[in-house]
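What the coordinates show
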Amino acid sequence: GIQVEQSPPDLILQEGANSTLRCNFSDSVNNLQWFHQNPWGQLINLFYIPSGTKQNGRLSATTVATERYSLLYISSSQTTDSGVYFCAVYYGNNRLAFGKGNQVVVIP
Amino acid sequence: DTGVTQSPTHLIKTRGQQVTLRCSPISGHKSVSWYQQVLGQGPQFIFQYYEKEERGRGNFPDRFSARQFPNYSSELNVNALLLGDSALYLCASSLGQINQPQHFGDGTRLSIL
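The present account deals with the structure reproduced in this document. As the structure is a prediction and not an experimental result, all values here were calculated from the model.

Of the regular secondary structure elements, chain A holds 0 helices and 11 strands. Along its sequence from the N terminus, chain A presents helices and strands in the succession β-β-β-β-β-β-β-β-β-β-β. A compact globule built from 108 residues should have a C-alpha radius of gyration of about 13 Å, and chain A, at 13 Å, falls within 12% of that. Overall, the C-alpha framework of chain A stretches about 40 × 25 × 20 Å when taken along its three principal axes. Expressed as a percentage of the 108 residues in chain A, the buried residues total 49%. Sequence-distant contacts, at least 24 apart, represent 54% of the contacts inside chain A between residues at least 6 apart. For chain A, the accessible surface area stands at approximately 5100 Å², while carbon and sulfur atoms represent 49% of it. Mean positive and mean negative side-chain charge positions of chain A (6 and 6 charges, respectively) differ by 8 Å.

Turning to the sheet that holds strand S3 (residues 19–25) of chain A, a few remarks are in order. Residue and element names in this part refer to chain A. The antiparallel open sheet is built from 5 strands, whose spatial order is S1-S3-S8-S7-S6. Taken across any chain shown, the strands that pair with only one partner, and hence form the sheet edges, are strand S1 (4–7) and strand S6 (52–56). On average, each strand axis in the sheet is tilted by 15° relative to the strand beside it, whichever way the strands run.

On to the interface of chain A and chain B, then. When the parts of a complex come together, some accessible area is lost, and that lost area is often taken as the interface size. Contacts between the two partners involve 20 residues from chain A and, on the opposite side, 25 residues from chain B. The largest contributions to the chain A side of the interface with chain B come from Asn93, Asn94 and Arg95 of chain A, which together make up 32% of the buried area. The interface formed by chain A and chain B includes 0 salt bridges. Linking chain A to chain B there are 10 residue pairs in polar contact (both at pLDDT 80 or more). Looking at the side of chain A that touches chain B, the elements that each hand over two or more residues are strand S4 (31–37), strand S5 (43–48), strand S9 (83–91) and strand S10 (95–98) of chain A. Of the residues forming the side of chain A that touches chain B, the biggest block, 4 residues, is contributed by S4 of chain A. Tallied by class, the residues present in the side of chain A that touches chain B amount to 8 nonpolar, 10 polar and 2 charged.

Bringing the sheet that holds strand S3 (residues 19–24) of chain B into the picture now. Residues and elements named next belong to chain B. Pairing is antiparallel across the open sheet formed by 4 strands, whose spatial order is S1-S3-S8-S7. Among the strands making up the open sheet, the edge pair consists of strand S1 (5–7) and strand S7 (64–68). With direction set aside, neighbouring strand axes in the sheet form an average angle of 15°. By the bridge criterion, 5 bridges tie S3 to strand S8 (residues 74–78) in an arrangement that is antiparallel.

Before going further, it helps to spend a moment on a nonpolar patch on the surface. Residue and element names in this part refer to chain A. A cluster of nonpolar side chains, namely Ile12, Val105 and Ile107, defines an oily patch on the protein surface of about 260 Å² accessible area. With respect to the element layout, Ile107 can be found in strand S11 (residues 102–107). On the basis of relative accessibility, which here comes to 36%, the residue Ile107 falls in the partly exposed class.

It is worth spelling out the pattern of salt bridges at this point. Residue and element names in this part refer to chain B. Taken as a whole and assessed by the stated rule, the structure comprises 8 salt bridges over all chains. One salt bridge connects Lys30 with Glu51, and the closest N-O pair in it is separated by 3.5 Å. Taken together, the residues span a long stretch of sequence, with Lys30 in the loop between S3 and strand S4 (31–37) and Glu51 in the loop between strand S5 (44–50) and strand S6 (53–57) at a distance of 21 residues. Given a relative accessible area of 31%, Lys30 falls into the partly exposed group.

How each quantity is defined
Residues numbered from 1 in each chain as written. Chains lettered and ligands numbered in written order. Predicted model: local features only at pLDDT ≥ 70, side-chain atom pairs only at ≥ 80, totals over all residues. Heavy atoms only, no water. Helix = DSSP H or I, 4+ residues; strand = E, 2+ residues; numbered from the N terminus. Rg over C-alpha atoms; globule rule 2.2 N^0.38 Å. Buried < 20%, exposed > 50% of the residue type's maximum accessible area, 1.4 Å probe, protein only. Contact = heavy atoms within 4.5 Å. Areas by Shrake-Rupley, 256 points an atom, 1.4 Å probe, with all protein chains shown as cover. Lys, Arg positive; Asp, Glu negative; His and termini not counted. Charge placed at Lys NZ, Arg CZ, Asp CG, Glu CD. Pairing = 2+ DSSP bridges. Axes fitted to C-alpha atoms, helices over the stretch in contact; angles between N-to-C directions. Buried area = accessible area lost by both parts, 1.4 Å probe. Salt bridge = Lys/Arg side-chain N within 4 Å of Asp/Glu carboxyl O. Polar contact = N/O pair within 3.5 Å; in protein donor to acceptor, adjacent residues only side chain to side chain. Nonpolar A, V, L, I, M, F, W, Y, C, P; charged D, E, K, R; others polar. Patch = residues over 30% accessible without salt bridge, like charges linked within 9 Å, V, L, I, M, F, W, Y side chains within 5 Å.

Take a look at the structure:
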């Protein structure tokens, strides 16, 4: 099956710092989505991004489908950015294959 | 609009029992998918239903089954529960079957004693 690898697995940031999370995938995909999972387990949609770049406030994402990777940028991080970030790729009939996540902790 | 709703939010069962989890999709969404997330891992695909028919199944044993009703809500059933079935079960809905963003509910946290 399709493999999704995320790096780094764990990241500790000082509040106000910037960071980049990376997602590599092993095969061509129909689409890609980034999620933020909060400590209560809620999966929040961040970006639905098959290719190109999108921005939403302090977050932005870039997907280069031809090279099978996507990047999530967090700028001026805040403590509320803490949690696990998941990259998930769409394949087949709208199925999602998730990576293992990036655990981010932002300290004040 | 109300988002994807799942019930119950938490559940405790013992080994060998059976459990039914419920999901109501966003209004107008016809596709429902189920995922299992064990601690420390990303969610794993279990089932997809579209227009009341099973359209995909992940690598899970036959103890797992699901169905979708005419109002597009869905149930996930797990029989003969094992300790390893302890997980967060997530339901997602989307407008259609292909190339549509999925929206997740808050999940049901299932603990097996």
